[in-house]
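Chains, contacts and geometry: an overview
In case you want the letters, here they are:
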Protein chains: 2
Amino acid sequence: MPFVTQKTSSFPIISPVCPHPNFQRTPATAMAMSTAIKRSAAAATRALSSATSSSILTRDLHASSGKKKIVGVFYKAHEYAKMNPNFVGCVENALGIRNWLESQGHEYIVTDDKEGPDCELEKHIPDAHVIITTPFHPGYITAERIKKAKNLQLLLTAGIGSDHVDLKAAADAGLTVAEVTGSNVVSVAEDELMRILILVRNFLPGYHQVITGDWNVAGIAYRAYDLEGKTVGTVGCGRIGRLLLQRLKPFGCNLLYHDRIKMDPELENQIGASFEEDLDKMLPKCDIVVINTPLTEKTKGLFDKERIAKLKKGVFIVNNARGAIMDTQAVADGCSSGHIGGYSGDVWYPQPAPKDHPWRYMPNQAMTPHISGTTIDAQLRYAAGVKDMLENYFKGEDFPAQHYIVKEGELASQYR
Amino acid sequence: MPFVTQKTSSFPIISPVCPHPNFQRTPATAMAMSTAIKRSAAAATRALSSATSSSILTRDLHASSGKKKIVGVFYKAHEYAKMNPNFVGCVENALGIRNWLESQGHEYIVTDDKEGPDCELEKHIPDAHVIITTPFHPGYITAERIKKAKNLQLLLTAGIGSDHVDLKAAADAGLTVAEVTGSNVVSVAEDELMRILILVRNFLPGYHQVITGDWNVAGIAYRAYDLEGKTVGTVGCGRIGRLLLQRLKPFGCNLLYHDRIKMDPELENQIGASFEEDLDKMLPKCDIVVINTPLTEKTKGLFDKERIAKLKKGVFIVNNARGAIMDTQAVADGCSSGHIGGYSGDVWYPQPAPKDHPWRYMPNQAMTPHISGTTIDAQLRYAAGVKDMLENYFKGEDFPAQHYIVKEGELASQYR
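Residues numbered from 1 in each chain as written. Chains lettered and ligands numbered in written order. Predicted model: local features only at pLDDT ≥ 70, side-chain atom pairs only at ≥ 80, totals over all residues. Heavy atoms only, no water.

1. What about the overall build of chain A?
Counting its regular elements, chain A contains 15 helices and 13 strands. Of all intrachain contacts in chain A linking residues separated by at least 6 positions in sequence, the fraction that spans at least 24 positions is 68%. For chain A, the accessible surface area stands at approximately 15,100 Å², while carbon and sulfur atoms represent 53% of it. (Helix = DSSP H or I, 4+ residues; strand = E, 2+ residues; numbered from the N terminus. Contact = heavy atoms within 4.5 Å. Areas by Shrake-Rupley, 256 points an atom, 1.4 Å probe, with all protein chains shown as cover.)

Structure representation (structure tokens):
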């Protein structure tokens, strides 16, 4: 593999091997332990007095010292685990931090068994201090599990997107939730652009012809287009959305974005995208709609039957954000009727997608399992990010500010 | 289809509906008929006296007046022909120029039947004045056919790449060969970037899991990478190569190019690519190699077993140029051994690819039939370009200079 030999030399990894401009850490503010304790105490108090809080808290405080029990929930790689020394994001390679953790006396349990009352994760919930998981094979941290987790202090997402955690319950319980912001934004943005092209260029019917021994250019060409000149709109324009727009710029598209916040005019001008304050005014203009918003109470089911009906007939949709932002059946129906010209993404609800998930069978889909944010490059970055945060945690120091999803009883702005 | 309703309103087409900066025509020089005749006579003389010429010429001269017989060889679209009013590149829709030609009294024969001594094309060879074909379903114009074609004056390629014509024989016979330079360069460059991403991100194994009811993130992730930070080298850097490099720029890759000619330093700097004079010194540096050179005597079989062995282990290869630039079996063997990590392209030798073509069955292929230059947008542009050239031809005027592949007995520089 060219990338293996080129990109890295040692394993387990120490630092991100593939740094990029969007993975710049703000220097961690060195904080005395007492400050951390004060903050956590304040958070616990706030949580207790919050109108939305209903549980009585008896928690260890964030960043208390001593040996910790850390539980990691990752996907199993089986025979693939040994095929690439940089494949750190699986159960077997456990982010490459086992030796480092155990040499300091911490306990490190790793599993992929995460569902139901008898699963491995459930067993370790009562005494875990830290739970690490990924969006690709998420250990769901429900309010019920949080209630049982008397020692729990820290929930780390190796990657981006912490909707597998009941964030309100976590905030109320005074837990800290953090993710490795920026660790795989480039990975996801690249993957989105690939999916746009796969749909617009009508790639898959051509590939099917090749493997079935066929050759029928017309059967592909009648609905294959250039991306040039088309209108692409992103629903949500955070880091991933911006990276996508930057990569789209040389394609000569008409670029639109909808977000809570308008970009800085200079950046907007540089990217060449137009702000659309009203989502429902933007959508009918789009030949291609890309979903780049986190899953929150507001975005759950955002694309239901009614909203899909307002899209341009034949629209292409790319969704690497979260499956539950879409109404599953409405998407399948839209693809069947042709109102949606193609749908591609790597996120499903639930995950893993069951064998009978309708998106597996609908026409003009270009779906994959949840993969875009777990490239080898991304794994190296988020494993390094998790290690850095654990190091800060053991020392009682703050994390880089942009990593926090729940801190001191408060949710990050995108989840409010 | 959003693009249909958005991009056009009338059929048959009159002018390119989707113009782009690379499709700028130089103003056709108005030439008196006598000048054209003089030039053609000069060419015929040159051809006769050429050391490589062996045939005796009795030709009508280029741009002579009168009713013409025009033969078009395109792919058949069957049921797809009516599915999109802009699908002009097929037999049924015949570039949208039938009414225009027939209203002027010209004869216009269109067929997809192009092989063997009894095919439809062969029947019309003796009295055709103009033959139009495409690289997607090429009517091969061999030396033997040129010999039989006593009335032939003009060979037009609807698209780019005229290697289906025996160019030497055409030059010796005083024929004019021209293509619609620029008509689908954006289409092909976009498609190449899609293929790079499909290989680097390991898309197809994920898609296969979806349609087979599987879910195994590890089986994809262990060899899925970001494009960012990788080294991409293009072999040949004409219009398509440059458009590809421009689109790659925001991905943060290390960009290399090999060509006969070094780019203008300003353009090189703007694109951010480094010139590699020696192909064999560039290749071992590349994680991804893209072929962007025409098929000529020099490039035929350029990637044989020996050259492939010099590539980085696990290299990804994208080839939308011509299949015969590769040694077919060497590519299949390279994919089987893993020396080639993935191979994607839409060009084959021969075309259509037979059912037992080894590239259909080799591992890690992401092949399609020849499609990248025949998107709907590209069809509209090359149909308009052919119409413009016919108009010039009927009037005895020159074509835009960059369209000529053979003119007055001389081959365009890229074919010499």
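2. So, the sheet that holds strand S12 (residues 404-407) of chain A
Note on sheets: strands pair through backbone hydrogen bonds, and any given pair is parallel or antiparallel. All names here are of chain A. Spatially, seven strands are ordered S2-S1-S3-S4-S5-S12-S13 in an open sheet, and the strand pairing comes out mixed. Edge positions in the sheet fall to strand S2 (107-111) and strand S13 (410-411), since each has one partner strand and no second. Examined bridge by bridge, strand S4 (residues 154-157) and strand S5 (residues 176-179) share four bridges and lie parallel to one another. Counted as the bridge partner of Leu156 is Ala178 from S5. (Pairing = 2+ DSSP bridges.)

3. Let's talk about unusual backbone geometry
Outside of glycine, negative phi angles account for most residues, and trans bonds account for most peptide bonds. Residues and elements named next belong to chain A. For the peptide bond that leads from Tyr349 to Pro350, omega is -5 degrees, which places it in the cis range. Here Pro350 lies in the loop between strand S11 (340-345) and helix H15 (376-395). Look at the link from Gln351 to Pro352: it is a cis peptide, with omega at -10 degrees. Of note, Leu95 is a non-glycine position whose phi angle comes to about 65 degrees, a positive value.

4. Thoughts on the pairing of strand S12 (residues 404-407) of chain B
Residues and elements named next belong to chain B. Across two bridges, the pairing between strand S5 (residues 176-179) and S12 is antiparallel. Pairing of Val177 across the sheet is with Val406, part of S12. Sheet topology places S12 next to strand S13 (residues 410-411); two bridges connect them, and they run antiparallel. Along S13, the bridge assignment pairs Lys407 with Glu410. The turn joining S12 and S13, which pair antiparallel and follow one another in sequence, is formed by two residues; a positive phi near 50 degrees is taken by Glu408.

5. Concerning the packing of helix H7 (residues 185-200) of chain A against helix H10 (residues 239-248) of chain A
All names here are of chain A. Viewed as axis vectors pointing N to C, H7 and H10 meet at an angle of 50 degrees, and their least axial separation amounts to 8 Å. Relative to H10, the element H7 lies oblique. H10 is crossed by H7, and the crossing has right-handed handedness. Seen from H7, the contacting residues are Val185, Val186, Val188, Ala189, Glu190, Glu192, Leu193 and Ile196; seen from H10, they are Arg239, Ile240, Leu243, Leu244, Arg247 and Leu248. Along the lines of polarity and charge, the residues of the contact of H7 with H10 split into 10 nonpolar, no polar and four charged. (Axes fitted to C-alpha atoms, helices over the stretch in contact; angles between N-to-C directions. Parallel < 35°, antiparallel > 145°, perpendicular 65-115°, else oblique. Left-handed = near helix turned anticlockwise from the far one by under 90°. Nonpolar A, V, L, I, M, F, W, Y, C, P; charged D, E, K, R; others polar.)

6. A short note on the packing of aromatic side chains
Applying the stated criterion across every chain, the model contains 22 aromatic pairs over all chains. Judged by centre distance (5.3 Å) and plane angle (15 degrees), the ring pair of B:Phe399 and B:Tyr404 falls under stacked. Residue classification places B:Tyr404 among the buried residues on the basis of a relative accessible area of 9%. Chaining the aromatic ring pairs together yields one cluster made of A:Trp215, B:Tyr343, B:Trp348 and B:Trp359. Lying over the aromatic face of A:Phe251, B:Arg247 brings its terminal NZ or CZ to 5.4 Å of the ring centre. (Phe/Tyr/Trp six-rings, centres within 6.5 Å; stacked < 30°, edge-to-face > 60°. Buried < 20%, exposed > 50% of the residue type's maximum accessible area, 1.4 Å probe, protein only. Lys NZ or Arg CZ within 6 Å of the ring centre and 35° of its normal.)

7. Concerning the environment of A:Thr134
Residues and elements named next belong to chain A. As for its position among the elements, Thr134 is in the loop between strand S3 (130-133) and helix H5 (143-148). Taking relative accessible area as the criterion, Thr134 reaches 1% and is therefore assigned buried. Here the alpha-carbon distance between Thr134 and Val210, two residues 76 residues apart in the chain, equals 36 Å. Filtering out sequence-adjacent residues up to four positions away, Thr134 remains in contact with Val73, Phe74 and Ala158. For Thr134, the side chain forms a polar contact with the main-chain nitrogen of His137, separated by 3.3 Å. (Polar contact = N/O pair within 3.5 Å; in protein donor to acceptor, adjacent residues only side chain to side chain.)

8. A few points about helix H14 (residues 328-337) of chain A
Residues and elements named next belong to chain A. Buried within H14 we find Ala330, Val331, Ala332, Gly334 and Cys335. Where the residues of H14 are buried, they touch helix H13 (305-309) and S11. Once H14 ends, the next one or two residues include Gly338, with phi positive near 90 degrees.

9. Considering the interface of chain A and chain B
On the chain B side, the residues contacting the 85 residues of chain A number 86 residues. For the pairing of chain A and chain B, the buried interface totals around 7,500 Å² over both sides, and the portion due to carbon and sulfur atoms is 65%. Counting every contact that joins chain A to chain B gives 10 salt bridges. For A:Asp226, the salt bridge is made with B:Arg381, and the minimal N-O distance between the two is 2.7 Å. Linking chain A to chain B there are 38 residue pairs in polar contact (both at pLDDT 80 or more). Mapped by element, the contributors of at least two residues to the side of chain A that touches chain B are helix H1 (2-7), H7, helix H8 (203-211), helix H9 (217-221), H10, strand S10 (315-319) and H15 of chain A. Considering each element in turn, the side of chain A that touches chain B owes the most residues, nine residues, to H7(A). Grouping the constituent residues of the side of chain A that touches chain B by class yields 44 nonpolar, 22 polar and 19 charged. (Buried area = accessible area lost by both parts, 1.4 Å probe. Salt bridge = Lys/Arg side-chain N within 4 Å of Asp/Glu carboxyl O.)

10. Side note on the pattern of salt bridges
Counting across every chain of the model gives 40 salt bridges over all chains. With a closest N to O distance of 3.2 Å, B:Arg201 and A:Glu190 form a salt bridge. Of this pair, B:Arg201 sits in the loop between helix H7 (185-200) and helix H8 (203-211) while A:Glu190 is found in helix H7, placing the two residues in two different chains. Note on A:Glu190: relative accessible area 0%, which makes it buried. Taking the shortest distance from any N to any O, the salt bridge between B:Glu115 and B:Lys114 comes out at 2.6 Å. Residue B:Glu115 is classed as partly exposed on the basis of its relative accessible area of 47%. Here the residues in one salt-bridge network are A:Glu190, A:Asp191, A:Arg195, A:Arg381, B:Arg201, B:Asp226 and B:Glu228, joined through shared partners.

Purely geometric numbers; function is a separate question.
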